[in-house]
Amino acid sequence: MWKVLIAVGPVTIYTYGFMMAAAFLLGIWLAARRAAAFGYTSSQVHDGALPILALSLLGAKLAYLAAAWNDVVFDWREALAVIRGGFIFYGGLAGGVAGGLWWLRRRGLPALAFGDLIAPPLCFAHALGRLGCFLNGCCYGKAAAWGIVLPEVDRLPRMPAQLFEAGGLVALGAALSFLRPGAPGRTGRILAAYLLGYGALRFAVEFT
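Described below are features of the structure shown in this document. Just so you know, these numbers come straight off a predicted model, no measurement behind them.

### Observations regarding empty space enclosed by the protein
Within this structure, the stated rule accounts for one cavity of 30 Å³ or more. Taken as a whole, the largest cavity holds about 40 Å³ of empty space. Lining the largest cavity are Phe 134, Tyr 140, Gly 141, Ile 148, Leu 150, Arg 158, Met 159, Pro 160 and Gln 162. Looking at the lining of the largest cavity residue by residue, the class counts come to six nonpolar, two polar and one charged.

### A word on the pattern of salt bridges
The final tally for this structure, using the stated rule, is five salt bridges. Arg 158 serves as the salt-bridge partner of Asp 154, at 2.6 Å between the closest nitrogen and oxygen. Accessibility expressed as a relative area gives 14% for Arg 158, which makes it buried. A salt bridge links Glu 206 to Arg 202; the shortest N-O distance between them is 2.8 Å.

### What to know about the environment of Ile 118
In this structure, Ile 118 sits in helix H6 (residues 111-136). In this structure Ile 118 comes out as partly exposed when scored by relative accessible area, which is 27%. For the pair formed by Ile 118 and Ala 31, sequence separation is 87 residues and the distance between their alpha carbons is 5.7 Å.

### Examining the nonpolar core
Grouped together as the largest cluster of nonpolar side chains are 25 residues, with contacts concentrated most on Tyr 40, Leu 176, Tyr 194 and Tyr 198. Ranked by the residues each element gives to this core, the list is headed by H6, at six residues. Not counting chain neighbours up to four residues away, the residues in contact with Tyr 40 comprise Ala 35, Leu 104, Leu 109, Pro 110, Ala 113, Phe 114 and Leu 117.

### With respect to the packing of helix H1 (residues 15-34) against H6
Contact geometry for H1 and H6: axes closest at 8 Å, N-to-C directions at 165 degrees. With respect to H6, the element H1 is oriented roughly antiparallel. Relative to H6, H1 is oriented so that their crossing is right-handed. Looking at side-chain class alone, the contact of H1 with H6 contains 17 nonpolar, five polar and two charged residues.

### A short note on the packing of aromatic side chains
Using the criterion set out here, one finds eight aromatic pairs in the structure. Between the aromatic rings of Phe 89 and Tyr 198, the centroid separation amounts to 5.4 Å while the plane-to-plane angle is 65 degrees, which identifies the pairing as edge-to-face. Of this pair, Phe 89 sits in helix H5 (residues 89-107) while Tyr 198 sits in helix H8 (residues 189-206), placing them 109 residues apart in sequence. By relative accessible area, which is 4% here, Tyr 198 ends up buried. An aromatic cluster is built from Phe 89, Tyr 90, Tyr 194 and Tyr 198, whose rings are joined through pairwise contacts.

The rules we used
- Residues numbered from 1 in each chain as written.
- Predicted model: local features only at pLDDT ≥ 70, side-chain atom pairs only at ≥ 80, totals over all residues.
- Heavy atoms only, no water.
- 1 Å grid on protein atoms, 1.4 Å probe; cavity = no way out; pocket = protein on both sides within 12 Å on 5 of 7 lines; lining within 4 Å.
- Points joined across faces, edges and corners; volume = space filled by probe spheres on them.
- Nonpolar A, V, L, I, M, F, W, Y, C, P; charged D, E, K, R; others polar.
- Salt bridge = Lys/Arg side-chain N within 4 Å of Asp/Glu carboxyl O.
- Buried < 20%, exposed > 50% of the residue type's maximum accessible area, 1.4 Å probe, protein only.
- Helix = DSSP H or I, 4+ residues; strand = E, 2+ residues; numbered from the N terminus.
- Core = buried A, V, L, I, M, F, W, Y, C linked by side-chain atoms within 4.5 Å.
- Contact = heavy atoms within 4.5 Å.
- Axes fitted to C-alpha atoms, helices over the stretch in contact; angles between N-to-C directions.
- Parallel < 35°, antiparallel > 145°, perpendicular 65-115°, else oblique.
- Left-handed = near helix turned anticlockwise from the far one by under 90°.
- Phe/Tyr/Trp six-rings, centres within 6.5 Å; stacked < 30°, edge-to-face > 60°.

As structure tokens, this is what we get:
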């Protein structure tokens, strides 16, 4: 575990937050590099990043608050910890989709082609975020005969579920990167492959 990346006087940079920021930047950079092949410009990718980022963070935080609702209601100190705490990916995905659809509609741009564009970068960005989870010591796996000990949790070796998912996301992103843009009327195939692939990956990782 490496919760604090840098601490200099009153300035503290937490590893999880740093990795989240790096994940967003990586995703935007990769999407901008792919933009032309899908009929977009890098400027359009940068323009759409703000509403997608803002609503994905909001959705991820609201999902986290909903999951910890009982703690929030019955213990104000726990409520403060939850508010400062983490995020849930599915809430972030829902928020990001909402932000992306809003922006695409305002610009009159096709949604499925944009989904094809961002699917592989989303995989690589998500993998970086899972590395942040690993360094933060959250989203850990179940106890096993082998694994990694998280001293702040207990003294049991635990399967590194975060690393399993990160590795699977890198593999999925690499595979999706080889898929070419669909002809008009056949867009959305890369996005569909991402949704199916990540669903299967997450289903498998849940067992760990």
